[in-house]
Amino acid sequence: MERAREADPASSQNAVFLAQVYDQLGREDKAISLLENGPPQWRSVPAVRFWLGVSYALAGRKVQAAAEFAAFRELAPKWTLATAKRFWARYYTPQFSDRIAALSREYSIPEN
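Residues numbered from 1 in each chain as written. Predicted model: local features only at pLDDT ≥ 70, side-chain atom pairs only at ≥ 80, totals over all residues. Heavy atoms only, no water.

A.B. asks: Outline the side chain of Gln20, supporting the account with residue identities and numerical values.
C.D. replies: Summarising the element assignment, Gln20 is placed in helix α2 (residues 12-24). With a relative accessible area of 9%, Gln20 lands in the buried category. Setting aside chain neighbours within four positions, we find Gln20 in contact with Trp51 and Tyr92. (Helix = DSSP H or I, 4+ residues; strand = E, 2+ residues; numbered from the N terminus. Buried < 20%, exposed > 50% of the residue type's maximum accessible area, 1.4 Å probe, protein only. Contact = heavy atoms within 4.5 Å.)

A.B. asks: Before we move on, could you go through a nonpolar patch on the surface and cite the residues and values that matter?
C.D. replies: Side chains of Met1, Val21 and Leu25 sit close together on the surface and give an oily, nonpolar patch of about 280 Å² of accessible area. Positionally, Val21 belongs in helix α2. (Patch = residues over 30% accessible without salt bridge, like charges linked within 9 Å, V, L, I, M, F, W, Y side chains within 5 Å. Areas by Shrake-Rupley, 256 points an atom, 1.4 Å probe, with all protein chains shown as cover. Salt bridge = Lys/Arg side-chain N within 4 Å of Asp/Glu carboxyl O.)

A.B. asks: Can you explain the nonpolar core? Please cite residues and give values.
C.D. replies: Ranked by size, the top nonpolar core spans 32 residues in total, and within it Leu35, Phe50, Trp51, Val54, Phe69, Trp88 and Ile100 carry the most contacts. Secondary structure elements with two or more residues in this core: α2, α3 (28-36), α4 (46-58), α5 (62-75), α6 (81-91) and α7 (94-106). Looking at this core, the element that brings in the most residues is α4, giving eight residues. Those residues in contact with Phe50 that lie beyond four places of it in its chain are Phe69, Phe72, Trp79, Trp88, Ile100, Ser104 and Ile109. (Core = buried A, V, L, I, M, F, W, Y, C linked by side-chain atoms within 4.5 Å.)

A.B. asks: Quick rundown of the environment of Val21? Include the residues and the values.
C.D. replies: Judged by its relative accessible area of 32%, Val21 falls in the partly exposed class. In this structure, the C-alpha to C-alpha distance between Val21 and Pro40, residues 19 residues apart in sequence, is 22 Å.

Right, here's the structure in full:
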């Protein structure tokens, strides 16, 4: 994922995937730095806002997490955890998936 990010540093998708890997490894600081320092257009990409919120929440940075999840909800008001869980089940351990779902609920992301 780091090589993919280096090959296309403007790709928000590659950045989100790499941030997810960092978070699963307990490297929230790396995930946050990566997503915070992306190009300005990333601020309008729902996946970036969502995952930055997750990274802040995992790092215990509640104020920043709340702001990112609120921005995400504005960009993707119909997005639900039910949809995301199907995706997460393919890539995350059940424990990590459950943790992300719990954090999402804590910050008012709807279940359905």
